[in-house]
Amino acid sequence: MSRFQRSLRLLLGIIVLLVVVVAGSGLYYFRVYLPQSVAPRSFPQVEGEIQLPVKQTVEIYRDKMGIPHIYASTMYDLFFAQGYVHAQDRFWQMDFWRHIGTGRLSEMFGKSQLETDKFLRTLGWSQLAEQEYAMLDEDSRAILQAYADGVNAYLATHHGEALSLEYAVLKLLNAGYQIEPWRPVHSLVWAKVMAWDLRGNMGSEIQRAILARTLTPAQIDELMPPYPKDHPVIVPKIGEGVFQAPPAQTLFSLFQQMPFESLAARFEALDGVTGGGARGLGSNSWVVAGSRTATGKPILANDPHLGIQMPSIWYQIALHCRPKSETCPMEVGGFSFAGVPGVVIGHNDRIAWGFTNVGPDVIDLYIEKVNPENPNQYEVNGQWVDFETRKEVIQVAGGDPVEITVRLTRHGPVISDTYGPLKDQVDPKDKEAKPFREQAGIELPPQYVIAMRWTALQPLRVFDAIWGFNRAQNWEEFRQAARLFAVPAQNLVYADVDGNIGYQMPGLIPIRKNGDGRYPVPGWTDEYEWVGYIPFEELPYLFNPASGYIVTANNQVNPWDYPYLITADWDYGFRAKRIVDLIEQAPSKVDLAYIQKMHGDNYDAGAAAVVPVLLSIPLNDAHLEEVRSILNGWDYQADMNSAPAALYEVFWSRLLAKTFRDELPKRYWPEGGDQWFEVMRHLVDQPQSPWWDDRSTPEKIETRDEIFRSAFQEAVTEIEKRLGKDPKRWRWGDLHTATFRNATLGKSGISLIENLFNRGPFPTAGGSSIVNATAWDTNEGYEVLWLPSMRMIVDLSDLNQSLTVHTTGQSGHAYHPHYADMIELWRNIQYYPMWWNEESVRQNAEARLVIRP
C-alpha cells in the first residue's frame, strides 16, 4: 500500500465515521443518496443543441459505446469540441493528472502528498511545460488554446459535483478546494508523467546496486541475464559495426553498500500515484503485410499494457474536419488522453500506427562533490561552480504553505535533498534515520549530493509529433513527425492504405563517454559524461521487410551488431516470440478473427519450461501425484476456466518463493514475469545449482527436486484451501481477478467510498509475460495489476471494419451507463466497431449534440 493510499484511508476513515455517527444516516448517504441523487448530476448533455463560442456549427455524434465522433469545419472548433467532451466525461481524471504533473497534489489531498510534491517540484515538470509552450509554433499553440477554451467553456457552467461525483467526496476532505481554469501547459505536463511511467531501466539499475551488497557480479548476471539469442529482435539487420558495452565493473565495489533502498522507495511512492514504473508495464504491437492477409492489405494490432485503473487511461475519440482541407487537415480516430488534444494511437484516412515502449536507458545518477567551505558550490573538473537554485512554494490543503529550494547541477536536479535516508542532514527527532554517509560504509567526498540526468528534463516537442502522426499521409511524413518523439521512446509500428508497413524507433538515446548506465557514476569529472545522442538517421527502422510482418513487444530492438547502446535491460521477448510463432504458423491468410485470437492467446512460456520438469520428479505421495496428473497434456494456455492453469500458477508462485526469497532482499523477491521465465528456464536444467539450496536449513543442501516437491505440496495445500478439493471445480479466473479502482478515492481503504467508484472483481484469463498480458505479482496474490489497457485492430483494406475495446468504459462518471460497459467485452477478448464512415457513425449513433456559435 502506497503512502497516498495509507493517508487517504486515515483521513477518509475519520470523515466517514463522523458522517455516519453525527448525521445518523451516513450509510444512506453513501449507499443511496450519492449514487442515486448526486452522481447523475454529473452526467453530461449529449443530445440536443447548445450555444458556445465556436466559429461554425459543430456536430458530435455519440455511438452506442458513448464514443464521440466530432465533425467541425475549422481546426479551432474541432479541438474546442475535443476539450469540451473530455471535460464532459473525464474532468476529475484531468484535474488529478494535472496536479500530478505540476507537483500540486497537496492542494487537493493535504500534507499526505507533501513529499511527493517536493520530488515532483524538484524535477520541475511545470517549468519545462512552460518552456515547451514557448518553443511551439503558432499552429501548435492554437491547438492547445482551442482545446483549453473548450475545457473552460464546460467549467464555466459546471461546478463541483456537477463535474464529477468525486468532488462531492473531496468536499468532505477539502472543503476549500477550488477548480482553476485549464491552461495549455496543463496538457503539456502529461507528457512528463507518461515519460516517468515508461522511464525504462531505472528500476533495474537500482536493483543491481542493492543486490551488489550481497551477491557477486556472476550471481547478479544469473538473475538479470542478457537478452536471449533464441528470441526475436525487432530490427534484425541495420548498419554495420560490433557493439561493445563500455565496462562498468570498476564501479561495482563503490555501490556494494550504498543505501539505494531509499531511492527505490521514493520512486515507488510516486509510482503509487501515477500507476507506472513496474516491469509489468509494456505493450504488444504488430503489423502484418498484405502478402499474409486475407484482404491483401495490412492489418495493424496494438495493445498497450499499463496499470489497472478506473476509468480507463484512454479516451477514444474521432476528429473529422468537414471537409478535410489544407486549413483543416484532421481526419483521425483512435485513443487520446483526457487532458491532451489529438489522437495518440489510432489511424487517419491514410495511415495507422501503434506504440510499444522501448525502455531505453535514458536516466543516469551522478554523485556530485560539494564544496565543504561553501555548500552552494559543487566541483566540475577541479573547479568549484555555483548550484543554480529555484524556490518552490507548495500550497497544502488544511495547512500552511511549504517553501523548498531546488538545487540544480550541470547534470540535472539534486534529488538527494528529497530522498530521506540519502540526506546527510537528518531529522534529530527521527531516531531510526541515519545520515547517508553512515549507511554507505564507503569513503565518499566530505560533502556530496546526488543529481539526476534524464532526457525528459529538457524542453521537448512530443505533442508536435503526435499531431504530426494525426496529419501524416505517408511513411515519409510519419517518420518526419517521429523525429520529434523524444521521450518516452516508443516502438512505432506503421501501416498505410497503399499496402506499406514500417517500424521506427525514435527518441533521445544518450551516447556515454564511459560506462553503460547500469550504475550511478562520479559527477565531478567529465569521465562519465554524455557526449551526444544517437542520430535519428541511425536509429533502427524497417520498411516493407521481406518477412511480411513486424512484431514489437518491448523486446530487443537493435540487431546484435548495432554500434550503439540502447539499453542492457530489454523485456526478455517471450511475448514477442509467441506473436512471431503465431504469425508464422497461421493456418491460412491472416484475418481480423485470427488477430483477435492472437490478442487473447494465453500461452504461458514459463510453464512450457517448468511443467515437464515437475512431471518428471517423483512426489512420493499418492494424493500429490493424483493432483499433478491434471497437468498431463495441458497446452499451457492460462485460460479463465482452466484447472491446470490454476494449479500451475499457484505452484509457480510457491516455486519462486522457495527458490529465491532466502537470498534476495524483500523488495526484489521474484514477481514472476519475463525475467523469471528466463532465469528459471535455464535453472531447471541445473538440478544441483546453489540457488536451490535453502539457506534457512544450514544442516542440509537442497536440490532442485526437493524444492519442486516442497513447492508443489504447498501449492496443493493452498489451492485446495482456496478453491476446494475437487480439481474439476478449479478455475484460474477464480484466482486471477481484475478489480478496476479509481486512482484516488478508490484506493482509500474505506469500503463505503471505494464501492462508489470501483468495479470488480472480474474473473480474467492470461497472466504475466503472456500475449494476453494481465500481469500479476507472485508476492501480492493473483490479482491483475497491469493489463492490456486497450486492444485495437485496424483493417487498412476498409477502415470501417476496424475493431477495438478498452478496459472500463468511455465515461468517467460513476453509475453512468458507459462507466463500466466495456469490462465484459474486454475480459472476454471481444470488440466493438471503430466506426469511420460518417454514414456508419450516423446509423449507429445513440446521441447527437449540436454546438452552434
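Residues numbered from 1 in each chain as written. Predicted model: local features only at pLDDT ≥ 70, side-chain atom pairs only at ≥ 80, totals over all residues. Heavy atoms only, no water.

**Comments concerning the overall build of the chain**
Moving on, step 1. Along the backbone of the chain there are 26 helices and 29 strands.
Moving on, step 2. Per-residue burial over the chain gives 63% buried out of 853 residues.
Moving on, step 3. Total accessible area computed for the chain in this model is approximately 31100 Å², and 50% of it derives from carbon and sulfur atoms. (Helix = DSSP H or I, 4+ residues; strand = E, 2+ residues; numbered from the N terminus. Buried < 20%, exposed > 50% of the residue type's maximum accessible area, 1.4 Å probe, protein only. Areas by Shrake-Rupley, 256 points an atom, 1.4 Å probe, with all protein chains shown as cover.)

**Description of the nonpolar core**
Moving on, step 1. Counting residues in hydrophobic clusters, the biggest one holds 142 residues, and the most contacted among them are Trp454 and Phe469.
Moving on, step 2. Per-element accounting of this core gives the leading share, 14 residues, to helix H3 (residues 75-101).
Moving on, step 3. Leaving out residues up to four positions away in the same chain, Phe469 has contacts with Asn348, Ile351, Trp353, Phe355, Phe478, Ala481, Ala482, Phe485 and Leu492.
Moving on, step 4. Ranked by size, the runner-up nonpolar core spans 56 residues in total, among them Val610, Leu631, Phe660 and Ala715. (Core = buried A, V, L, I, M, F, W, Y, C linked by side-chain atoms within 4.5 Å. Contact = heavy atoms within 4.5 Å.)

**Regarding the state of the cysteines**
Moving on, step 1. Per the stated rule, a full pass over the model turns up one disulfide.
Moving on, step 2. The side chain of Cys321 participates in a disulfide bridge whose partner is Cys328; the two sulfur atoms lie 2.0 Å from each other. Here Cys321 and Cys328 share a disulfide; its torsion about the S-S bond, -80°, makes the bridge left-handed.
Moving on, step 3. Using a relative accessible area of 0% as the deciding quantity, one classes Cys328 as buried. (Disulfide = S-S within 2.5 Å.)

**Describing empty space enclosed by the protein**
Moving on, step 1. Under the defined criterion, the tally for this structure stands at 13 cavities of 30 Å³ or more.
Moving on, step 2. Lining the largest cavity are 22 residues, and of these Met194, Leu198, Phe337, Phe355 and Gln490 sit closest to its centre.
Moving on, step 3. Elements with a contribution of two residues or more to the lining of the largest cavity: helix H9 (184-197), strand E4 (282-288), strand E5 (299-307), strand E9 (351-357) and helix H14 (462-471).
Moving on, step 4. Split into classes, the residues belonging to the lining of the largest cavity amount to 17 nonpolar, five polar and no charged. (1 Å grid on protein atoms, 1.4 Å probe; cavity = no way out; pocket = protein on both sides within 12 Å on 5 of 7 lines; lining within 4 Å. Points joined across faces, edges and corners; volume = space filled by probe spheres on them. Nonpolar A, V, L, I, M, F, W, Y, C, P; charged D, E, K, R; others polar.)

**Observations regarding the confidence of the model for the chain**
Moving on, step 1. Mean pLDDT over the chain works out to 90, with 88% of the residues at or above the 70 mark.
Moving on, step 2. Between residues 239-261, whose pLDDT stays under 50, and residues either more than four places distant or in other chains, the model counts 64 contacts.
Moving on, step 3. Within the model, the stretch residues 432-443 combines pLDDT values under 50 with 33 contacts to residues more than four positions away or in other chains. (pLDDT = per-residue confidence, 0-100.)

**Examining the pairing of strand E12 (residues 383-386)**
Moving on, step 1. Here strand E11 (residues 377-380) pairs with E12 via four bridges, running antiparallel. By the bridge assignment, Val380 is partnered in E12 with Gln383.
Moving on, step 2. Joining the antiparallel neighbours E11 and E12 is a turn of two residues, in which Asn381 adopts a positive phi near 50°. (Pairing = 2+ DSSP bridges.)

**Some remarks on the environment of Gln93**
Moving on, step 1. Note on placement: Gln93 falls in helix H3.
Moving on, step 2. A sequence separation of 246 residues divides Gln93 from Gly339, and the C-alpha atoms of the two residues are 8.4 Å apart.
Moving on, step 3. Sequence-distant contacts of Gln93, defined by excluding residues within four places in its chain, comprise Gln309, Pro311, Ser312, Ile313 and Ala338.
Moving on, step 4. Among the polar contacts made by the side chain of Gln93, one reaches the main-chain carbonyl oxygen of Ser312 at a distance of 3.1 Å. (Polar contact = N/O pair within 3.5 Å; in protein donor to acceptor, adjacent residues only side chain to side chain.)

**Looking at the sheet that holds strand E2 (residues 58-63)**
Paired through backbone hydrogen bonds, the strands of a sheet run either parallel or antiparallel to each other.
Moving on, step 1. Strand order in the open sheet formed by 11 strands is E1-E29-E2-E3-E6-E7-E8-E9-E16-E17-E21, with mixed pairing between adjacent strands. Taken across any chain shown, the strands that pair with only one partner, and hence form the sheet edges, are strand E1 (48-51) and strand E21 (541-543). Sheet twist, expressed as the mean angle between neighbouring strand axes with direction ignored, is 15°.
Moving on, step 2. Bridge analysis of E2 against strand E29 (residues 845-852) gives six bridges, and the strand direction is antiparallel. (Axes fitted to C-alpha atoms, helices over the stretch in contact; angles between N-to-C directions.)

**Details of the packing of helix H7 (residues 138-155) against H14**
Moving on, step 1. Running from N to C, H7 and H14 point in directions that differ by 95°, and their axes come no closer than 11 Å. Judged by the angle between their axes, H7 and H14 are roughly perpendicular. Listed contacts from H14 to Ser140, Ile143 and Leu144 of H7 are Asp464, Trp467 and Arg471.
Moving on, step 2. Classifying every residue of the contact of H7 with H14 gives three nonpolar, one polar and two charged. (Parallel < 35°, antiparallel > 145°, perpendicular 65-115°, else oblique.)

**Observations regarding the packing of H3 against helix H8 (residues 166-173)**
To characterise two packed helices, one gives the angle between the axes of the helices and the distance between these axes.
Moving on, step 1. Two elements in contact, H3 and H8, have axes separated by 10 Å at closest approach and are oriented at 45°. Considering the angle they form, H3 stands oblique to H8. Side by side, H3 and H8 meet where Phe91, Trp92 and Asp95 of the first sit next to Glu166, Tyr167 and Leu170 of the second.
Moving on, step 2. Of the residues belonging to the contact of H3 with H8, the class tally is four nonpolar, no polar and two charged.

**Digging into the pattern of salt bridges**
Moving on, step 1. Taken as a whole, this structure holds 44 salt bridges when the rule is applied.
Moving on, step 2. Ionic pairing is found between Asp349 and Lys324, a salt bridge with its closest N-O pair at 2.7 Å. Note that Asp349 is positioned in the loop between strand E8 (345-348) and E9 and Lys324 in the loop between strand E6 (315-321) and strand E7 (331-336), a separation of 25 residues in sequence.
Moving on, step 3. In the salt-bridge network here, residues are joined through shared partners; they are Glu59, Arg322, Glu838, Arg842 and Arg848. (Salt bridge = Lys/Arg side-chain N within 4 Å of Asp/Glu carboxyl O.)

**Structural notes on the packing of aromatic side chains**
Moving on, step 1. In the structure shown here, the tally under the stated rule is 47 aromatic pairs.
Moving on, step 2. An angle of 75° between the planes, with centres 5.8 Å apart, marks the rings of Trp190 and Phe337 as edge-to-face. Residue Trp190 is located in helix H9, and its partner Phe337 is located in the loop between E7 and E8; the two are separated by 147 residues in the primary sequence.
Moving on, step 3. Members of the aromatic cluster, connected to one another through ring pairs, are Phe574, Tyr603, Trp634, Tyr636, Tyr648, Phe651, Trp652, Phe677, Trp692, Phe708 and Phe712.
Moving on, step 4. The ring of Trp560 is capped by Lys229, whose NZ or CZ atom sits 3.9 Å from the centre of that ring.
Moving on, step 5. If you follow Arg578 out to its NZ or CZ, it ends over the ring of Tyr603, 4.4 Å from the centre. (Phe/Tyr/Trp six-rings, centres within 6.5 Å; stacked < 30°, edge-to-face > 60°. Lys NZ or Arg CZ within 6 Å of the ring centre and 35° of its normal.)

**Examining the sheet that holds strand E15 (residues 448-454)**
Moving on, step 1. Strand order across the open sheet formed by three strands is E15-E10-E19, with mixed pairing between neighbours. In this open sheet, the two edge strands, each paired with only one partner strand, are E15 and strand E19 (521-522).
Moving on, step 2. Both strand E10 (residues 363-369) and E19 contribute to a ladder of two bridges, which runs parallel. What sits directly across from Ile367, in E19, is Pro522.

**Concerning unusual backbone geometry**
Moving on, step 1. Of note, the amide linkage connecting Arg322 to Pro323 takes the cis form, showing an omega dihedral of 0°.
Moving on, step 2. Locating Pro323 in the fold gives a position in the loop between E6 and E7.
Moving on, step 3. In this structure, the amide linkage connecting Val487 to the following residue, Pro488, adopts the cis form with an omega of 0°.
Moving on, step 4. Here the phi dihedral of Tyr815 falls at roughly 80°; this positive angle occurs in a residue that is not glycine.
Moving on, step 5. Along the chain, Tyr815 turns up in the loop between strand E27 (803-806) and helix H25 (823-827).
Moving on, step 6. The phi dihedral of Ile829 is positive, around 55°, even though this residue is not glycine.
Moving on, step 7. Positionally, Ile829 belongs in the loop between H25 and strand E28 (832-833).

**Details of the side chain of Asn554**
Moving on, step 1. Among the structural elements, Asn554 can be located in the loop between strand E22 (549-552) and helix H16 (574-584).
Moving on, step 2. Polar side-chain contacts of Asn554 include one of 2.8 Å to the backbone oxygen of Asn357.
Moving on, step 3. Sequence-distant contacts of Asn554, defined by excluding residues within four places in its chain, comprise Gly282, Ser283, Thr356, Asn357, Asn491, Trp570, Asp571 and Arg575.

**A look at the side chain of Arg208**
Moving on, step 1. The residue Arg208 is located in helix H10 (residues 202-211) in this model.
Moving on, step 2. Note on Arg208: relative accessible area 2%, which makes it buried.
Moving on, step 3. At 2.6 Å, the side chain of Arg208 and the side chain of Asp569 are in polar contact.
Moving on, step 4. When near neighbours in sequence (up to four residues on either side) are disregarded, Arg208 contacts Ile220, Met224, Arg518, Tyr519, Ala568 and Asp569.

**Concerning the environment of Thr717**
Moving on, step 1. Turning to its location among the elements, Thr717 is positioned in helix H22 (residues 704-723).
Moving on, step 2. For the pair Thr717 and Leu624, spaced 93 residues apart in sequence, the C-alpha separation works out to 9.7 Å.

**Concerning helix H6 (residues 125-135)**
Moving on, step 1. Residues of H6 that are buried include every one of Trp125, Leu128, Ala129 and Glu132, and no others. The arc enclosing the buried residues of H6, seen along the axis, measures out at 100°, which places them on a common side.
Moving on, step 2. Packing partners of the buried residues in H6 comprise H3, helix H5 (114-123), H9 and E15. (Arc of directions from axis to C-beta.)

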